[in-house]
Amino acid sequence: MLPDNRLCKDECLGILCFIVRKWGKLQGVEIGIKPMIQHSFTWWFLFPSRQNAVSDNGLIQLNAVQAARKLLSSDRNPPIDDLIKSGILPILVKCLERDDNPSLQFEAAWALTNIASGTSQQTQAVVKSNAVPLFLRLLHSPHQNVCEQAVWALGNIIGDGPQCRDYVISLGVVKPLLSFINPSIPITFLRNVTWVIVNLCRNKDPPPPMETVQEILPALCVLIYHTDINILVDTVWALSYLTDGGNEQIQMVIDSGVVPFLVPLLSHQEVKVQTAALRAVGNIVTGTDEQTQVVLNCDVLSHFPNLLTHPKEKINKEAVWFLSNITAGNQQQVQAVIDAGLLPMIIHQLAKGDFGTQKEAAWAISNLTISGRKEQTPRGTRSRSIHCHRLPCVCFTCPQGLEKIENLQQHENEDIYKLAFEIIDQYFSGDDVSSPAPLRPLACRTPLEPSPVLPVACWA
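Going by the annotation in an unreviewed UniProt entry, the name recorded for the chain is Importin subunit alpha, with Esox lucius given as the source organism. Among the UniProt annotations of the chain, the heading Sequence similarities (unreviewed entry) holds the following wording: "Belongs to the importin alpha family."

Novice: Lay out the overall build of the chain with the relevant residues and their values.
Specialist: Regarding its fold elements, the chain presents 27 helices and zero strands. Counting the 460 residues in the chain, one finds 52% classified as buried. Counting only contacts in the chain whose residues sit at least 6 apart along the sequence, the fraction spanning at least 24 positions is 71%. Working note: accessible area of the chain is about 21300 Å², and carbon and sulfur atoms make up 54% of it.

Novice: Go over the side chain of N114 with me, naming the residues and quoting the values.
Specialist: Counting through the fold element by element, N114 comes out in helix α6 (residues 102-116). Its relative accessible area of 2% is what places N114 among the buried residues. A distance of 3.2 Å separates the side chain of N114 from the side chain of S73, its partner in a polar contact.

Novice: Residue-level account of the UniProt feature "repeat: ARM" (unreviewed entry) in the chain, with values.
Specialist: Listed under "repeat: ARM" (unreviewed entry) in the UniProt record, and renumbered for this structure, are residues 87-131, 130-157 and 257-295. End C-alpha atoms of residues 130-157 are separated by 12 Å, and the span's content is 79% helix alongside 0% strand. Within residues 257-295, the helical portion is 64% and the strand portion 0%, while the C-alpha atoms at the span's ends are 11 Å from each other.

Novice: Give a description of the packing of helix α12 (residues 187-201) against helix α14 (residues 229-242) that names residues and reports values.
Specialist: Relative to each other, α12 and α14 sit at 10°, their axes nearing to 8 Å. Relative to α14, α12 is oriented roughly parallel. In this structure, α12 crosses over α14, and the sense of that crossing is left-handed. Residues I187, L190, R191, T194, W195, V198 and C201 of α12 pack against N230, I231, D234, T235, A238, Y241 and L242 of α14.

Novice: Describe in detail α14, supporting the description with residues and values.
Specialist: For α14, with 14 residues, the first-to-last C-alpha span of 20 Å sits near the 20 Å given by 1.5 Å per residue. When you tally the buried positions in α14, you get 12 out of 14 residues, the bulk of the element. All of the buried residues along α14 are I231, L232, V233, D234, T235, V236, W237, A238, L239, S240, Y241 and L242. Looking at the buried side of α14, the elements it contacts are α12, α13 (210-223), α15 (247-255), α16 (259-262) and α17 (271-284).

Novice: Please provide a residue-by-residue account of the packing of aromatic side chains, values included.
Specialist: The full count for this structure, using the stated rule, is five aromatic pairs. Residues F180 and F189 carry aromatic rings whose centres are separated by 4.9 Å and whose planes lie at 40° to one another, so their mutual orientation is tilted. You can call F180 buried: its relative accessible area is 12%. Lying across the ring of W110, R69 places its NZ or CZ 3.9 Å from the centre.

Novice: Residue-level account of helix α8 (residues 131-138), with values.
Specialist: Among the eight residues of α8, six are classified as buried, and the element is accordingly described as predominantly covered. Burial in α8 covers these residues: A131, V132, L134, F135, L136 and L138.

Novice: Help me get a handle on the environment of V198, residues and values and all.
Specialist: You can see V198 is positioned in helix α12. Sequence-wise, V198 and D234 are 36 residues apart; in three dimensions their C-alpha atoms are separated by 6.3 Å.

Novice: Can you explain the nonpolar core? Please cite residues and give values.
Specialist: Residues F135, F304 and F322 are the most contacted members of the largest nonpolar core, which totals 120 residues. Setting aside chain neighbours within four positions, we find F304 in contact with L266, L278, A319, F322, L323 and L342.

Novice: Hey, could you go over the pattern of salt bridges for me, with residue numbers and the actual values?
Specialist: All chains considered together, the criterion is met by eight salt bridges. For E97, the salt bridge goes to K94, with nearest N and O atoms at 3.3 Å. A relative accessible area of 53% places K94 in the exposed class. When the shortest N-O distance is used, the salt bridge between D244 and K204 registers 3.3 Å. In this pair, D244 is assigned in the loop between α14 and α15 and K204 in the loop between α12 and α13, connecting sequence segments 40 residues apart. K204 gets classed as partly exposed once you look at its relative accessible area, which sits at 48%.

Novice: Outline the environment of D166, listing residues and values.
Specialist: With respect to the element layout, D166 can be found in helix α10 (residues 162-170). Measuring from C-alpha to C-alpha, the distance between D166 and L200 comes to 8.5 Å, with 34 residues separating the pair along the chain. Ignoring sequence-local partners within four residues, the contact set of D166 consists of P206, P208 and P209.

Novice: Which residues make up the confidence of the model for the chain, and what values go with them?
Specialist: Predicted coordinates in regions of low pLDDT should not be interpreted in detail. Looking at the chain as a whole, its pLDDT mean stands at 79, while 68% of the residues score no less than 70. Contacts of residues 430-448 to residues separated by more than four positions or lying in other chains number 38 contacts, the stretch itself having pLDDT below 50.

Novice: Tell me about unusual backbone geometry, residues and numbers included.
Specialist: Along the chain, D205 connects to P206 via a cis peptide bond; the corresponding omega equals 5°. In this structure, P206 sits in the loop between α12 and α13. Here N130, not a glycine, exhibits a phi torsion of approximately 70°, which is positive. Mapped onto the elements of the fold, N130 is located in the loop between α7 (120-128) and α8. Given the relative accessible area of 45%, N130 is considered partly exposed. Even without being glycine, N203 reaches a positive phi, approximately 80°.

Conventions adopted
- Residues numbered from 1 in each chain as written.
- Predicted model: local features only at pLDDT ≥ 70, side-chain atom pairs only at ≥ 80, totals over all residues.
- Heavy atoms only, no water.
- UniProt positions renumbered as here; feature names shortened; annotations may be inferred.
- Helix = DSSP H or I, 4+ residues; strand = E, 2+ residues; numbered from the N terminus.
- Buried < 20%, exposed > 50% of the residue type's maximum accessible area, 1.4 Å probe, protein only.
- Contact = heavy atoms within 4.5 Å.
- Areas by Shrake-Rupley, 256 points an atom, 1.4 Å probe, with all protein chains shown as cover.
- Polar contact = N/O pair within 3.5 Å; in protein donor to acceptor, adjacent residues only side chain to side chain.
- Axes fitted to C-alpha atoms, helices over the stretch in contact; angles between N-to-C directions.
- Parallel < 35°, antiparallel > 145°, perpendicular 65-115°, else oblique.
- Left-handed = near helix turned anticlockwise from the far one by under 90°.
- Expected span 1.5 Å × (residues − 1).
- Phe/Tyr/Trp six-rings, centres within 6.5 Å; stacked < 30°, edge-to-face > 60°.
- Lys NZ or Arg CZ within 6 Å of the ring centre and 35° of its normal.
- Core = buried A, V, L, I, M, F, W, Y, C linked by side-chain atoms within 4.5 Å.
- Salt bridge = Lys/Arg side-chain N within 4 Å of Asp/Glu carboxyl O.
- pLDDT = per-residue confidence, 0-100.

So this is what it looks like as structure tokens:
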């Protein structure tokens, strides 16, 4: 180890940058020297580290691997590519086999975790180095910190996409991963486990194997009771991903019995929980009428007055999106929305909401006029608070929006067809309007969701 009076890497880099910039000013030029020095310094630092990482001296080897880990953890833009090019990657993977030195295993796993948190190409470099089977083996380590670091690394690899996800699943990750869900596990470890479960459920092209979904659902039914907000949020996002995989996966989620525990989370005090729960139940009601009815039977509509008046616009938008799928259901389901007193609130969002919410409100009203009975529709469409001047922009952005309004000119209800005629005559007479590709159901919005990859920060 270096003596205490030695300069650290960052200090050396700062001094070099200062000297070169001073020289540049004397010459009358501005030099952006830091990237060049950073690159040179990284290589100067890595070559001895690579040699020491294969040393027969255990302490020298540990210090070298730890130095590589710190290099990957401490920089804002870690030199992952430089490290891979240095040839140290297979050495780090080999260190995972050292059961006689758990500290070395931990440091190597940490370094590899941060490499796998980079670009897809960098993640693939870790996979191609045959690290995944060794990480799976470390899930059975008697040392908890080694287990947890292996879980984190696997989470980053699984989060790279469906190909990596299915590869790790095929090697048998699910059973040992779920075994960590027990009362004795530290909360930080359980958070990581839950985050990896989210990544296993993520991506629907293709979706995870049905056998994997069946294995994971009982664990999610346990985790949904957890009081830790991070664990609860990730659990609900996992359910939202599963319900976004088609009617078969929706039915599997319903059959697990989790829906009655999911619906009350719509009124949770944490916005992150509400957001995830709203997406999950919203995905369920994109399914069949029978699947939609399961959600309605849980008194879901009683939560929507608060959701439609929520201060967060994104909550309003998702709430109206949910209701637009209810009004696309059967007549009893349309009536349930009316009986809950939600129709005036939808109309208010059409008039006053932001543009995205207005689009969803237009869908909800349009679906109601198509799915509802004659006596149901006037209650929503007679109100002139549906500001007609807002509808043209909605029709341009909603799939088949103009076509739907044109069709309403043949509606059997006089008020509806008169309103439709007025809109067409005032705003679209003689216009050639084309609409973009359909966007139903709402696509996932990643800023609201858990990240698929997480680098490990430098711990004290």
